[in-house]
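Understanding the architecture of this molecule
Here's the letter readout for the chains.
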Amino acid sequence: MTIHIGAEPGQIAETVLMPGDPLRAEWAAQTFLDNPVCVNRVRGMLGFTGTWQGHRVTIHGSGMGMPSLSIYANELIRDYGAKTLIRIGSCGAMQETVGLRDVILAMTASSLSTPSSGIFRELNFAPCADYGLLNAAANAAKAIGATYHVGGIYSADVFYDERPDLNEIMSRHGVLGVEMEAAELYNLAARHSVRALAVLTVSDHLLTHEALPSEDRQSSFEDMVQIALEAAFAS
Ligand code: HPA
């Protein structure tokens, strides 16, 4: 047990999928895993371990925002030995060429700040995905016929943004979408020599202001989970 995770030693798999929402962790575990067992419910943050095609997998919520993700990812890596961490979550599209329900594979994650900014100080570290996972995810996305994009995303600190110019600058620099967790996951993966990737589904569009109706969200998220699982165990 750690401060925020109630699992016993050995109850967390080396491969961890991390949605922001604990109830989405429950849905993904029940939908994709064989024999899912709930291994954490501290503070209502749910984690489940089961198997997918014979491979052990944990699906554990990260909460919203990088400070929350940092708590869970640190404990999963440092205390439970997680080696592959894949964020599965939603994002807002920032390009005309990206549509609702499309999948974005985040090659890099720009940010204004992250919980690691204090460590890097004057350095602008470039958080990036594990190339093997990214390549495998692109192959998996192609194989299932998903509409997907590979490129940079923006990990924002706030959802209710009082600085719309930041989104505009990111859009102008080709950034595909905005979410709130991936940059710190990539920072932590680099620091601890583990693999990380963010596989995202577009739930809303910053340019067209379209949004997925809530009843559509679940089915649109299935491709993303499938891609994450295939990527984790490719080769
Ligand atoms: N902004 C930040 N995070 C998000 C968004 C957004 O528009 N959509 C989904 N996650």
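Computed from a prediction, not measured in an experiment: that's the story for all the values here.

**A short note on the environment of Ser117**
For Ser117, the position within the fold is in helix H3 (residues 117-120). Spatially, the C-alpha atoms of Ser117 and Ile3 are 23 Å apart, while their sequence positions differ by 114 residues. Of note is the side chain of Ser117, whose polar atom sits 2.8 Å from the backbone nitrogen of Thr114.

**Quick look at the nonpolar core**
Counting 73 residues, the largest nonpolar core has Leu17, Leu85, Tyr186, Leu197, Val199 and Ile227 as the members making the most contacts within it. Sorting elements by how many residues they give to this core places helix H7 (residues 214-232) first, with eight residues. Residues within four places of Leu197 in sequence aside, it is in contact with Leu85, Ile86, Arg87, Ala106, Ala129, Leu133, Leu134, Ala137, Leu185 and Tyr186. Within the second largest apolar cluster, seven residues are counted, among which are Tyr154, Ala156, Met170 and Val178.

**Looking at helix H4 (residues 131-143)**
If you check H4, its first and last C-alpha atoms are 18 Å apart, about what 13 residues at 1.5 Å a residue would give, namely 18 Å. Every buried residue belonging to H4 is among Leu133, Leu134, Ala136, Ala137, Ala138, Ala140 and Ala141, and all of these are buried. Structurally, H4 contributes buried residues whose contacts are with strand S5 (84-93), strand S6 (103-111), strand S7 (148-155), strand S9 (195-205) and H7. One side-chain oxygen of the residue at the start of H4 lies 3.1 Å from the amide nitrogen of Gly132, identifying that residue as Asp130. Gly145 sits one or two residues past H4 and shows a positive phi near 75 degrees.

**Thoughts on the packing of helix H1 (residues 22-32) against H7**
In contact at an axis separation of 11 Å, H1 and H7 are set at 70 degrees when each is read in the N-to-C sense. Classified by the interaxial angle, the pair formed by H1 and H7 is roughly perpendicular. Remark: the crossing between H1 and H7 carries right-handed chirality. In this structure, H1 uses Arg24, Trp27, Ala28, Thr31 and Phe32 to contact H7, whose residues at the interface are Gln218, Phe221, Glu222, Val225, Gln226 and Leu229. For the contact of H1 with H7, the per-class residue count stands at six nonpolar, three polar and two charged.

Conventions adopted
- Residues numbered from 1 in each chain as written.
- Predicted model: local features only at pLDDT ≥ 70, side-chain atom pairs only at ≥ 80, totals over all residues.
- Heavy atoms only, no water.
- Helix = DSSP H or I, 4+ residues; strand = E, 2+ residues; numbered from the N terminus.
- Polar contact = N/O pair within 3.5 Å; in protein donor to acceptor, adjacent residues only side chain to side chain.
- Core = buried A, V, L, I, M, F, W, Y, C linked by side-chain atoms within 4.5 Å.
- Buried < 20%, exposed > 50% of the residue type's maximum accessible area, 1.4 Å probe, protein only.
- Contact = heavy atoms within 4.5 Å.
- Expected span 1.5 Å × (residues − 1).
- Axes fitted to C-alpha atoms, helices over the stretch in contact; angles between N-to-C directions.
- Parallel < 35°, antiparallel > 145°, perpendicular 65-115°, else oblique.
- Left-handed = near helix turned anticlockwise from the far one by under 90°.
- Nonpolar A, V, L, I, M, F, W, Y, C, P; charged D, E, K, R; others polar.

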